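Here is what each chain is made of, one letter per residue.
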Amino acid sequence: MQSRACVLAILATGVMAGPASAYTAYVSNEKDNTMTVVDTATMQVVKTVDVGQRPRGITISHDGKFIYLCASDDNTIQIIDTTTLQVVGTLPSGDDPELFVLSPDGKTLYVANENDNLVTAIDVDSKQVKSEIPVGVEPEGMAVSPDGKTMVNTSETTSMAHFIDTESHEVTDNVLVDTRPRFAAFKPDGSQVWVSAEVGGTVSVIDNAKRQVVKRIKFAIPGLRTETIQPVGIAISADGKKAYVALGPANHVAVINTESYEVEKYILVGQRVWHLDFTPDQKTLITTNGNSNDITFIDTATEEPVQSVTVGQQPWGVVLSPK
Amino acid sequence: MSTSAMPEKVGAITPVKSDAFGLRHYLICLKGIVLREGLRFLHQRERFISSLVRPLVWLFIFAAGFRQVLGVSIIPPYKTYVLYEVYITPGLCGMILLFSGMQSSLSMVYDREMGNMRILLVSPFPRWYLLVSKMLAGVSVSIAQVYAFLIVAWFWGVKAPPLGYLFVLPALFLSGMMLCALGMLLSSMIKQLENFAGIMNFVIFPGYFASPALYPLWRIQEASPLLYKLCLANPFTYAVELIRFAFYGQVAWVALGVVAGCTLLFLGGAIIAYDPSRGLITRKQGTGGNG
């Protein structure tokens with residue numbers, strides 16, 4: 001009887017378990033000043049590492065050797081070795097770094113300095129500030145085009161997306177979007193920039209050639225007040241066909257068809273879903289849920305949540321190892 | 001119909017020994033009882049529709065309204081957050097089994113009042129076999145109702161893992177047997193059809209609400225430790241949890257033990273109660289029983 005139950009259980013696990021891909025996810029926990037390391041195959045926490053104060057923005061070098069982490073209250077960016085998980089250096093980020101983006105060649109880090117209304121370009125190798133670019137009030141969202149020629153920053157109070165030439169470090173275009181834009185993401189072909197507006201409750205799709213908003217995507221979840229729908233993080237699939245938008249306190253991730261701009265599905269995740277990232281094989285999407293202190297694994301094939309795993313307090317950002 | 005002449009006839013037939021029957025005869029008897037129950041169910045379309053409408057009203061209206069009320073917390077067997085509709089679906093399956101089990105108890109009272117029960121009870125097969133056959137008939141009808149409900153729920157977007165629909169079958173069967181046995185035991189204690197309202201108020205509603213069918217037990221524990229203990233003492237609690245875990249291919253061993261134990265207990269009680277020599281129905285007077 002027991003062996004039969006075991007066989008059934010194994011069978012059930014095999015069929016019902018989500019995609020198993022062996023990557024490592026790194027999650028920044030804003031409130032308890034830690035970074036959680038999660039194995040995506042077992043969906044379990046491997047280690048929790050102490051980092052600087054108020055860790056938020058997190059990214060990884062293209063070779064997967066170093067993690068860059070915004071320690072906002074320490075006014076610095078920490079460099080963490082992914083093998084030893086020790087802080088091995090810092091970068092001069094300027095005041096209160098929140099979000100940043102690494103250039104496609106991996107040499108420059110563009111950082112949004114929320115309090116100084118600046119975008120700082122840092123040379124990763126020399127650890128020197130290359131330039132400081134004045135932008136709108138409260139800069140936050142950062143994105144860089146796949147060819148590395150254009151960088152986009154969103155400023156929360158000005159409600160604009162600023163297009164910056166990465167050669168001249170000059171703002172070339174400003175595009176007005178909805179209130180409090182928090183995040184920007186380029187489509188993999190570089191044709192569009194998607195910008196989420198937290199208070200406006202929309203995602204604006206900007207044509208990169210025309211530098212104009214071509215579509216404003218709205219959200220409606222049955223049974224939820226519109227005020228609770230606050231789009232933040234955006235992840236666009238590598239084939240450019242689907243965009244996943246974290247809807248903050250609405251506790252859902254919207255799945256958008258990038259051709260028709262239709263919201264195809266809302267996926268239930270934890271409370272105050274903030275940012276999300278794909279595993280390199282694109283089979284799994286991981287979301288950080290700030291208020292429920294966990295991350296949710298979503299199977300991108302079925303677009304169903306598979307499992308939620310408790311991490312540190314107020315998980316903010318997540319990045320996946322490239323290998 | 002003469003009620004006074006019947007007991008003598010019953011007495012005349014009882015000497016036939018049940019040992020004289022082979023498996024084939026037993027199966028014919030079972031088939032007859034199950035077919036009768038099935039036909040009765042099919043012919044009562046209103047019953048079928050109402051048995052489907054009741055859980056669907058809970059799913060479509062109640063669950064929609066309460067979607068935001070339930071606090072978020074991941075409890076086994078769930079691995080991530082689920083919508084309230086998903087949470088209450090196993091409870092609603094349990095509700096179908098509960099109402100259906102009680103309905104079969106209602107039909108026993110009705111049969112006794114109408115005299116149909118005599119036809120069943122004068123059968124030379126052992127009493128326990130007749131009762132178990134009657135329960136199997138009731139459970140088969142209940143399970144058909146549950147699957148009809150699950151199909152509608154599937155189209156509503158409430159989906160369990162595909163294999164869960166298979167795994168849940170034994171859980172539904174065992175839970176259904178427990179509730180039918182309970183209904184059978186209760187039916188032996190009810191004198192008249194009108195008393196069924198009492199069963200509604202004293203068994204069905206408390207049984208249903210004092211269980212994790214509508215809200216998780218940790219919520220109930222937060223609200224009232226006493227109510228939580230009551231829920232733990234409620235066999236229906238374990239039926240719901242057994243079904244809930246089965247949907248996800250897991251076995252809730254404690255729930256399985258409690259449900260199996262209660263099934264045997266209620267069934268034993270019902271067999272004793274329906275035993276003409278010592279059972280409770282011998283004390284019923286003027287209700288068409290065979291005492």
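Since the model is a prediction, treat every value here as computed from it, not as a measurement.

A. The overall build of chain A, seen in detail. Along the backbone of chain A there are one helix and 28 strands. Overall, the C-alpha framework of chain A stretches about 70 × 45 × 30 Å when taken along its three principal axes. Among the 323 residues that make up chain A, the fraction classed as buried is 49%. Considering only contacts in chain A between residues 6 or more positions apart, those separated by 24 or more positions represent 43%.

B. Here's a closer look at the environment of Leu59(B). Residue and element names in this part refer to chain B. Relative to the helices and strands, Leu 59 resides in helix α3 (residues 45–66). When the C-alpha atoms of Leu 59 and Tyr 84 are compared, they prove to be 9.0 Å apart, with 25 residues separating the residues in sequence. Not counting residues up to four positions away in its chain, the partners in contact with Leu 59 are Glu 85, Leu 92, Ala 153, Trp 156 and Val 158.

C. Region of interest: unusual backbone geometry. Following Pro76(B), the chain continues into Pro77(B) via a peptide bond in cis, with omega recorded as 5°. Structurally, the position occupied by Pro77(B) is in the loop between α3 and α4 (84–114). The backbone of Asn33(A) shows a phi angle near 55°, a positive value even though the residue is not glycine. Here Asn33(A) shows up in the loop between β1 (24–29) and β2 (34–39). Classification of Asn33(A) as partly exposed rests on a count of 18 C-beta atoms within 10 Å. Despite not being glycine, Arg211(A) has its phi angle at roughly 55°, a positive value. Here Arg211(A) shows up in the loop between β18 (202–207) and β19 (212–218).

D. Structural detail: the sheet that holds strand β4 (residues 55–60) of chain A. Residue and element names in this part refer to chain A. An order of β4-β5-β6-β7 is seen for the four strands of this open sheet, with the pairing classed as antiparallel. Each of the sheet's edge strands pairs with one partner strand only, and the pair in question is β4 and β7 (87–91). When the angles between neighbouring strand axes are averaged without regard to direction, this sheet yields 25°. In this sheet, strand β5 (residues 66–71) lies alongside β4 in antiparallel orientation, the contact comprising four bridges. Residue pairing for β5: Ile 60 is matched across the bridge by Ile 67.

E. Region of interest: the pairing of strand β25 (residues 284–289) of chain A. Residue and element names in this part refer to chain A. In terms of burial, β25 is a largely internal element, six of the six residues being buried. By the alternation rule, side chains of β25 split into Thr 284, Ile 286 and Thr 288 and Leu 285, Thr 287 and Asn 289, which are all buried. Note that strand β24 (residues 273–278) and β25 share four bridges and pair antiparallel. Residue pairing in the sheet places Val 273 in a bridge with Asn 289 of β25. Connecting β24 to the antiparallel partner β25 that follows it, the hairpin turn spans five residues, and Gln 282 within it adopts a positive phi of roughly 65°. Of the pairings in the sheet, the one linking β25 to strand β26 (residues 294–299) comprises six bridges and is antiparallel in character. When the sheet's bridge partners are listed, Thr 287 is paired in β26 with Thr 296.

About the criteria used
- Residues numbered from 1 in each chain as written.
- Chains lettered and ligands numbered in written order.
- Predicted model: local features only at pLDDT ≥ 70, side-chain atom pairs only at ≥ 80, totals over all residues.
- Helix = DSSP H or I, 4+ residues; strand = E, 2+ residues; numbered from the N terminus.
- Buried ≥ 20, exposed ≤ 12 C-beta atoms within 10 Å, placed from the backbone.
- Contact = placed C-beta atoms within 7 Å.
- Pairing = 2+ DSSP bridges.
- Axes fitted to C-alpha atoms, helices over the stretch in contact; angles between N-to-C directions.

Functional significance is not addressed by these values, which are geometric in nature.
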